[in-house]
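# Structural overview for review
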Amino acid sequence: MNTAIYSGPVFEMAKQQFAQVADHLDIREMDRDRLLYPKRAMAVSCPIHRDDGRIEVYQGYRVQHHLTLGPTKGGTRFAPSVDIGEIAALAIWMSWKCALAGLPYGGAKGGITVDPYKLSPRELEALSRRHMQEMIPFVGPHTDVMAPDMGTNEQVMAWFMDTYSMYQGQTINEIVTGKPISAGGTLGRREATGRGVAYLVGRALEHLGIRADRATAIVQGFGNVGSVTAYSLAKRGVRIIGVSDHTAAYYDPAGLDVAELQRHVGKHGQLAGVSAESLISASELLVRKCDVLVPAAIERVITSGNASKVKCRILAEGANGPTTPEADAILYQRTDEIFVLPDILCNAGGVIVSYFEWVQDLQRLFWEETEVFDRLYRILERSFQQTIARAKHERISHRMAAMAIGVNVVQAAKRTRGLFP
Ligand SMILES: NC(=O)C1=CN([C@@H]2O[C@H](COP(=O)(O)OP(=O)(O)OC[C@H]3O[C@@H](n4cnc5c(N)ncnc54)[C@H](O)[C@@H]3O)[C@@H](O)[C@H]2O)C=CC1
Ligand SMILES: O=C(O)CCC(=O)C(=O)O
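What you see is a predicted model; the values in this text were computed from it and never measured.

Near ligand 2 lie 14 residues; those nearest to it are Gly75, Ala147, Gly350, Val351 and Ser354. At the level of elements, strand E3 (72-79), helix H3 (84-101) and helix H12 (349-363) are the ones that each hand at least two residues to the shell around ligand 2.

In structure tokens, the structure reads:
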């Protein structure tokens, strides 16, 4: 099979991780490509009028990894880094994540190569609508259901839903999740990923016998996932001593006021300008001593260069793919020091509540917020227990255990459906 279109460092990571798990599970060579490579991938051109009258064309992608368990599911990312390799890796990770959580989905991901911070609101709307228009032949409530990811939000999901619905001649809420409540969204989706991260951090602290009100945390990334994680951890009594985004990093051992940081970002769209005294370099922040380190921004930030220097007790991966395989090997040597909550477990709250949103939209029956979070925490608890039990039993890392569970689920479904002899 010629797989050359899938390349780049993020795709290589997903490939390397899969190879390690496939070796551990003793999956036959001839079955590996079927499990790893995406079912289909789309590349589309999205032309829009810029505010100055120019026409600019942006490249968009959607990768659907497998449809063995149901529709594919995953976010749409607007970022300058986006290419088909990055999106394919994120789609593959979505598959293992959904399978670990027991959701009836395969993984997908999409994105546009664009810096959304450089578009006006009108340009962002035009690009979002054009992207969905180009995707109409490939998505559907029972084929592939989009959601937010880095650089997109509830408003973008509302534009996606509206564009798809106008084309169909009727409102189809269930085409995307992560929508505003007023457009058929569920209570709790906006906070779901961060609250899920905080729940699992709480469980890891208990596991290690550390009291939340004596713990400290550093959070990289202060968007949807990072800011809600910081806020939810602070509500649990954890002192937030460091935060960063793409514009600034702050460290204060006495603790930062998360609500104040959220107000600042709400007003200015970024962390820069909060305080001159507590400024620190972004790379230094990651290796400061803390109980909980939460990378909640981009991929590949814990690397062979800093994995031996991080000084946390818990590494809670809010982001997708923040740790390279080389760093993983180092962290595995430090298992007694650092408890890793791997991304496909740690940030699964988002897609789990997206699943609840899809179910509610399909049934036209909406739940109370307590029902959303009770069900979310039950699924996360089960995944947490399964992951640590398997890691202990097979003497493997938490990442390897979580992935092994996910890969096994997909493999079993393919086998049952007759795709494996
Ligand atoms: N939104 C969701 O529900 C989910 C998101 N994720 C993952 O979480 C991560 C963050 O996503 P969101 O919070 O949704 O995105 P977002 O767009 O809301 O926020 C991203 C944040 O990361 C910051 N950032 C970007 N580059 C950075 C850098 N080099 N250093 C420090 N900060 C940087 C941005 O300034 C911003 O604060 C991504 O890896 C995404 O794939 C995972 C599961 C669900
Ligand atoms: O909510 C969803 O469907 C997907 C969220 C997502 O993109 C992720 O978990 O990485």
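As assigned here, the chain comprises domain 1 (9-176) and domain 2 (190-341). The interface is formed by 11 residues belonging to domain 1 together with nine residues belonging to domain 2. Listing elements by their share of the side of domain 1 that touches domain 2, those giving two or more residues are helix H1 (9-25) and H3. Per element, the largest residue contribution to the side of domain 1 that touches domain 2 is five residues, and it comes from H1. Here the side of domain 1 that touches domain 2 is composed, by residue class, of eight nonpolar, two polar and one charged.

As a further point, take the confidence of the model for the chain. For the chain, the average pLDDT comes to 97, and 99% of its residues sit at 70 or higher. As a predicted assembly, this complex carries a pTM of 0.98 together with an ipTM value of 0.99.

A rise of 1.5 Å per residue sets the reference length of H3, with its 18 residues, at 26 Å; its end C-alpha atoms lie 26 Å apart and thus fit the reference within 8%. With 18 of its 18 residues buried, H3 lies for the most part within the structure. Positive backbone phi, approximately 80°, marks glycine 102, located one or two places after H3.

We now examine the site of ligand 1. Around ligand 1, the surrounding shell holds 24 residues, and the nearest of these are Gly223, Asp245, Ala297, Ala319 and Gly350. If one sorts the elements of the shell around ligand 1 by residue count, helix H7 (residues 224-235) sits on top with three residues. Residues of the shell around ligand 1, tallied by class, amount to nine nonpolar, 13 polar and two charged.

A word on unusual backbone geometry. In this structure, arginine 364 takes a positive phi of about 55° despite not being glycine. Position of arginine 364 among the secondary structure elements: in the loop between H12 and helix H13 (369-394). With phi around 50°, arginine 395 is a residue other than glycine that occupies positive phi space. Among the structural elements, arginine 395 can be located in the loop between H13 and helix H14 (398-417).

Within soluble globular proteins, side chains that are nonpolar generally end up buried alongside one another. Counting residues in hydrophobic clusters, the biggest one holds 135 residues, and the most contacted among them are Leu200, Ala217, Val292 and Ile352. A per-element tally of this core places H3 first, with 14 residues.

Here the focus is the UniProt feature "binding site: substrate" (unreviewed entry) in the chain. The feature "binding site: substrate" (unreviewed entry), as given by UniProt, occupies Lys73, Lys97 and Ser354 in the numbering adopted here. In sequence the annotated residues extend across 282 residues, while in space they remain close, none of their C-alpha pairs exceeding 12.9 Å. By the element assignment, lysine 97 lies in helix H3. For lysine 97, the residues in contact, after removing those within four places along its chain, are Gly107, Ile344, Ala348, Val351 and Gly406. C-beta crowding within 10 Å serves as the criterion here: with 29 such atoms nearby, serine 354 is assigned to the buried category. Discounting chain neighbours no more than four positions away, the residues touching serine 354 are Lys73, Ala147, Thr177, Gly178 and Arg189.

What follows concerns the sheet that holds strand E2 (residues 55-64). Read across the open sheet, the five strands follow the order E1-E2-E4-E3-E5; overall the sheet is mixed. With one partner strand each, in any of the chains shown, strand E1 (40-49) and strand E5 (144-148) form the two edges of the open sheet. Averaged over neighbouring strand pairs, the angle between their axes works out to 25° when direction is ignored. Inspection of the sheet shows E3 paired to strand E4 (residues 106-113) by six bridges, in the parallel sense. Within E4, the residue paired with phenylalanine 78 across the bridge is isoleucine 112.

A few words now on the pairing of strand E7 (residues 239-244). For E7, a buried count of five out of six residues is recorded, marking the element as mostly surrounded by other parts of the structure. As paired elements, strand E6 (residues 216-220) and E7 share five bridges and run parallel to each other. Its bridge partner being in E7, valine 219 is matched across the sheet by valine 243. This β-α-β element, E6 to H7 to E7, shows right-handed connectivity. One ladder, built from three bridges, connects E7 with strand E8 (residues 249-251); its direction is antiparallel. Bridge pairing in E8 links valine 243 to tyrosine 250. If you look at the hairpin formed by E7 and E8, you'll find four residues sitting between the two strands.

What follows concerns the sheet that holds strand E10 (residues 314-316). One open sheet accounts for six strands, arranged E8-E7-E6-E9-E10-E11; its pairing is mixed. A single partner strand is all that each edge strand has here, and the edge strands are E8 and strand E11 (339-341). Each neighbouring strand pair of the sheet contributes to a mean axis angle of 15°, computed without reference to strand direction. As paired strands, E10 and E11 are joined by three bridges and run parallel to one another. For isoleucine 314, the partnering residue across the bridge sits in E11 and is phenylalanine 339.

Take helix H6 (residues 189-208) next. In an α-helix, one turn spans 3.6 residues; hence positions three or four apart end up facing the same way. Its 20 residues place the ends of H6 29 Å apart at the C-alpha level, agreeing with the 28 Å of an ideal helix rising 1.5 Å per residue. Arginine 195 marks where H6 bends most, by close to 30°. Of all 20 residues in H6, 15 are buried; the element is thus mostly enclosed. Two residues or fewer after H6 comes glycine 209, characterised by a positive phi angle close to 70°.

Cut-offs applied
- Residues numbered from 1 in each chain as written.
- Chains lettered and ligands numbered in written order.
- Predicted model: local features only at pLDDT ≥ 70, side-chain atom pairs only at ≥ 80, totals over all residues.
- Near = placed C-beta within 6 Å.
- Helix = DSSP H or I, 4+ residues; strand = E, 2+ residues; numbered from the N terminus.
- Domains from an automatic or database assignment.
- Contact = placed C-beta atoms within 7 Å.
- Nonpolar A, V, L, I, M, F, W, Y, C, P; charged D, E, K, R; others polar.
- pLDDT = per-residue confidence, 0-100.
- Expected span 1.5 Å × (residues − 1).
- Buried ≥ 20, exposed ≤ 12 C-beta atoms within 10 Å, placed from the backbone.
- Core = buried A, V, L, I, M, F, W, Y, C linked by C-beta atoms within 7 Å.
- UniProt positions renumbered as here; feature names shortened; annotations may be inferred.
- Pairing = 2+ DSSP bridges.
- Axes fitted to C-alpha atoms, helices over the stretch in contact; angles between N-to-C directions.
- Right-handed = clockwise from strand over helix to strand, strands pointing away.
- Bend = angle between axes of the 7 residues up to and from the residue.

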